[in-house]
Structure formats: structure tokens, C-alpha cells
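# Structural overview
In case you want the letters, here they are:
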Amino acid sequence: MEKKEKIGWLYCIAALFVALGLFFVVKKDTYLFFALPIVLGVLLLYIFSLDKVLLLTSFCVPLSVVLDKFSDAGLAISLPAEPLLMGILVMFVAKMLYDGKYDRRIAHHPIAIVIYCMFIWMIVTTITSELPVVSIKFIASRLWFVVPSFFLCAILFKRPKNIDWFIWLYIASLCIVCVYTIIHHAMFGFDGDSAHWVMTPFYNDHTAYGAALAIYLILALTYVFIPGIKKSRRLIIIAVVCLLGLALVLSNCRAAWISMIAALGVLCCVLLKIKFRWIATVMVVLVGLFFAFQNQIVDALEKNNQDASGDFIENVQSITNISTDASNLERINRWQSAFRLFNERPFFGWGPGTYQFVYAPYQMSKEKTIISTNAGDGGNAHSEYIGALAEQGLLGSLIVLAFVVTTVYCGLTTYKRCKNRKAKIMVLGATLAFFSYFIHGILNNFLDTDKLAVPVWSCAALIAAIDVYYADKEDFEEEK
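Predicted model, so just to flag it, every value in this text is computed and none were measured. (Residues numbered from 1 in each chain as written. Predicted model: local features only at pLDDT ≥ 70, side-chain atom pairs only at ≥ 80, totals over all residues. Heavy atoms only, no water.)

## Here's the deal with the overall build of the protein
- Looking only at helices and strands, the protein features 19 helices and two strands.
- For the protein, buried positions account for 47% of its 480 residues. (Helix = DSSP H or I, 4+ residues; strand = E, 2+ residues; numbered from the N terminus. Buried < 20%, exposed > 50% of the residue type's maximum accessible area, 1.4 Å probe, protein only.)

## Here we look at the nonpolar core
- If you look at the biggest cluster of nonpolar residues, it comprises 119 residues, and the most contacted ones within it are Phe-150, Tyr-203, Leu-244, Phe-403 and Phe-438.
- What Phe-438 contacts, discounting residues up to four positions off in sequence, is Tyr-385, Val-400, Phe-403, Val-404, Leu-447 and Val-456.
- Judged by nonpolar contacts, the second largest core, of 11 residues, contains Leu-341, Val-358, Tyr-362 and Ala-390. (Core = buried A, V, L, I, M, F, W, Y, C linked by side-chain atoms within 4.5 Å. Contact = heavy atoms within 4.5 Å.)

## A look at unusual backbone geometry
- For the bond from Leu-79 to Pro-80, the omega torsion is 0°, close enough to zero to count as cis.
- Along the chain, Pro-80 falls in the loop between strand 2 (77–79) and helix 4 (81–98).
- Backbone torsion omega between Thr-200 and Pro-201 reads 10°, so that peptide bond is classified as cis.
- When you line up the elements, Pro-201 lands in the loop between helix 8 (160–186) and helix 9 (206–224).
- In this structure, Lys-273 is a non-glycine residue whose phi angle is positive, near 60°.
- One can find Lys-273 in the loop between helix 11 (254–271) and helix 12 (276–292).
- Notably, His-382 is not glycine yet its phi reads approximately 60°, a positive angle.
- Along the polypeptide, His-382 turns up in the loop between helix 16 (355–358) and helix 17 (384–417).

## Notes on the confidence of the model for the protein
- Summary statistics for the protein give a mean pLDDT of 82 and a share of 78% for residues scoring 70 or more.
- Highest mean pLDDT in the protein belongs to helix 6 (residues 110–127) (96); lowest belongs to helix 14 (residues 312–317) (48). (pLDDT = per-residue confidence, 0-100.)

## Here's the deal with the environment of Ser-129
- Mapped onto the secondary structure, Ser-129 falls in the loop between helix 6 and helix 7 (132–156).
- If sequence neighbours within four positions are ignored, Ser-129 has contacts with Ser-135, Trp-350, Gly-351 and Thr-354.
- At a separation of 3.3 Å, a polar atom in the side chain of Ser-129 contacts the main-chain carbonyl oxygen of Trp-350. (Polar contact = N/O pair within 3.5 Å; in protein donor to acceptor, adjacent residues only side chain to side chain.)

## Structural notes on the packing of helix 4 against helix 7
- Close contact between helix 4 and helix 7 brings their axes to 8 Å; oriented N to C, the two are set at 70°. Considering the angle they form, helix 4 stands roughly perpendicular to helix 7. Every pair of crossing elements has a handedness; the one defined by helix 4 and helix 7 is left-handed. Taking contact as the criterion, the partners of Glu-82, Leu-85, Met-86, Ile-88, Leu-89 and Phe-92 in helix 4 are, on helix 7, Leu-143, Trp-144, Phe-145, Val-147, Pro-148 and Leu-152.
- The class makeup of the residues in the contact of helix 4 with helix 7 is 11 nonpolar, no polar and one charged. (Axes fitted to C-alpha atoms, helices over the stretch in contact; angles between N-to-C directions. Parallel < 35°, antiparallel > 145°, perpendicular 65-115°, else oblique. Left-handed = near helix turned anticlockwise from the far one by under 90°. Nonpolar A, V, L, I, M, F, W, Y, C, P; charged D, E, K, R; others polar.)

## Notes on the packing of helix 8 against helix 19 (residues 450–469)
- Where helix 8 contacts helix 19, the two axes come as close as 12 Å, and the packing angle between them is 160°. Here helix 8 is positioned roughly antiparallel relative to helix 19, judged by the angle of their axes. Between helix 8 and helix 19 lies a crossing of left-handed hand. Counted together, Ile-163, Phe-166, Ile-167 and Tyr-170 of helix 8 and Lys-451, Val-454, Pro-455, Ser-458 and Leu-462 of helix 19 form the full contact between these two elements.

## Here's the deal with the pattern of salt bridges
- All chains considered together, the criterion is met by eight salt bridges.
- Between Arg-345 and Glu-130 there is a salt bridge; the shortest N-O distance is 2.5 Å. Here Arg-345, found in the loop between helix 15 (326–344) and helix 16, pairs with Glu-130, found in the loop between helix 6 and helix 7; they are 215 residues apart in sequence, far enough to count as distant.
- For Arg-345, a relative accessible area of 25% puts it in the partly exposed group.
- Ionic pairing is found between Arg-417 and Asp-467, a salt bridge with its closest N-O pair at 2.4 Å. Of this pair, Arg-417 sits in helix 17 while Asp-467 sits in helix 19, and the two are 50 residues apart along the sequence.
- Its relative accessible area of 16% is what places Asp-467 among the buried residues. (Salt bridge = Lys/Arg side-chain N within 4 Å of Asp/Glu carboxyl O.)

Rendered as C-alpha cells:
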């Protein structure tokens, strides 16, 4: 085709597009047609550059908005992040069916093996589920979170530059949300009540927002200590750290504050070179002491009547208030309901994703709060571990715990093995960020949302990727 003919065709296509666009605007009163080039561009990326779609997804997640217009039919979806993740899952399955090639080192990694066990047990408990359709939907959504964010990100992270892009694209859009939230919060005088919802529509409440801030504040701090970064870039990183830190304080998310303190404790243990088995032993002893003296501990906590407020000190004091603080009491109500569900079905549980649909009859009137509902439509169990206990039985909860322990152990052992300083710092940062979420996960659970699933599973992928590709190398460069 001659050059003039190509130009002619280009003008014809452009004129046709403009004409169709005007037709839809004037006659149909819709502007959706103008999204066609974007849709076609994304489809081309799926075919020719799936790694770019993963990076685009990372940027889109914090800015995605949940469309819950059809939530009663179970069709609530986060746009545009979840459709992007679904498309990645479809392309991955198609590729596996076509050539069956995947890096065995990632496929056989200990973290991956625990993930397989997690899905196998989910399938088993779906067969025995009280609501099989709900459980099937839950597994499907978990697949489009885990496959792109762990299995494909682990391959994406073979290129160290992709690690930086993936993390900072999420941070860039999270900073946009932070600025929006702080400005919105300032309009209400930074009072404690408005702190719970000023981040909407990007995050459904301050706890999910705080959990994401804690993860990426740790990852941003990681870059402050990486050698070889230009002074101007380091100043930008420090400014981002300050913004995320301010947003975390203003979020009034007490669980996120606790998770940051826990991550700092693990960092101190690492720097002091305390062995992992001693850390694990101390954790087991603390848990044992809690159950041994739980009555005395509860009596002491009930003496605290400081409610949450807009004051930072009072918010910290309210963390242990289980006598008057509605948020803490409602969390206990959900946990007690989950334990009663577990007692009735201790082995298989009620089925993945079913807690919010079945816990209502297991509430006791004396445990209900002003934010409880008789219909039991207030959400999940407020704990990654206890929720799994009710939905998937004892084994399901143990698998979640095994996933956490395995990932943290791999992260710390990889940190010790790493010869390159950047790889060493990066894997430690990812481990601390991952750990911070699962400390937060004692009090809340968000792995069924894109906002936290993508950060958590990608942190696990980063640990696995550095373990496999870079731990034994002097240079942190792309594998040839």
C-alpha cells in the first residue's frame, strides 16, 4: 500500500469515528462510544504486552470505584480494576492451555504450594457449602486476584525495573486518593466521625484505606534506604513518605497503627539478628498466655471506657476499650458469631464467602451493638483467621496461618541469603509490608477486595521472585 493510500485510509477511519461519535451523542445521548479507542488499546495490550496490563492494573486499583447498583444480585464489581484482573486471568488460562509453559521454580516455590493447598481446600468446602453459588463466586474472585497478583507478578518481577514500576504506580494513584481524602477531611474540620468515610468512593471505609496506607508506607520507606538513588528522587520519596504517614495518622485506623508497630518490632528483631524460631516461639508463648489468662485480661480491658474520637491520644487509648467502644464491641460480636458457626461445623465450615449470609441467627442480643443489624448484613467476620475458621473449618484457618508463616519465613531467609543490597532491602520491605497486613488481618479482612488483595499477593510474589531469581546473585539485574 502506497503512503498516500495509507494516509487516505487514516482520514477515512478518523472521519467515520467522528461521524459515529456525533451520531451516538446527538441521537442516543451517550458518550460511551468515545471509550472505544481505550478499549481497543487495552485489548491490544492483552494480546501483545500483558506485562503492561499488570502495571496498568496496579495504577487503577486505588482509583477504582465499586459499582454496587446490582449488589443484591451479587454483581457488585470494582471498576476498572476487577475487569482488568479477569481479563488477565483469562489470558493466563488460554496461554497455559496453548503451550503449558510456566517457570517451575515459581510453580514449585513453598509459597505457591501453600496457595495450591488453599484453593484445594476451598473447592472441598464449596462442595459442602451452605450456599454453593456464593462459594463458587468467592473462589472465582479469589482466582482473578491470586493468579495475576502472585503467579504473573512473580514472572513480571524477573525484571527489577518492573518491581519499581508496579510499586510506584500503585503509590502514585494512592497519593491522589490521599490528597483527595485529606482535602475532603479538612472540609469537616478533621473530626473523628468524618474520618470513617471521607475516602469514599475510592475505599469503602477507613480500615481498608489504613491497611493499604500501612503497606505502601513501608514499601515507600524501603526506597529511602536503597543505595544509588539520585538526591532529587530521594527527596521526592521522602515527600511521599510524609504524605502517606500523614494520611495514615488522619485515617483514624487503629488496626493500621498496630500493624505498623508490629512491623517495626519484626524489623528490630531482624536488625538484632534474632532467629526466626525464637520469634515464632515468643509468638506461640504469648498466644498461650492470652488463652491461659483470658479472663483476667478481659476484666482489665473492660475497665477502659475511652471511646474513639478525633484526638490521636484518645484513639490510641480506645484500642483496648471493650466496654463502651461500639467498633470494638461489634468486632467481638462478629467473632463470637463466627465461633458459634465453627462449633456447629468445625471441620468443613459453612463454605467460602458465606459468613455474611449466615451469621445473623448466631448473634446474641446481649452482644449486639448500636451498629449491629438483625438481618446480619453488616459484612464479614472482621478477621482473616476467624473468618476462615467459620467458613472453611479448622483446616482452612490453619492454611491461612501456614500461608502467613511460610511467606514471612521465606522473606526473612531470603533476606539473609541476598548478596545484593537493593535485593536485600526490597525483600525485607516486602516481608514487613506483608506481615503488617496479616497483623491488621487479626482485626479485619479485606483479601476479598482488589484494594488489598493486589498489594498482599504481589508482596508474596516479590518475595518469591527475589528468592528464585536474585538471592544468590551479586547484581540485581534482569536474568539473561
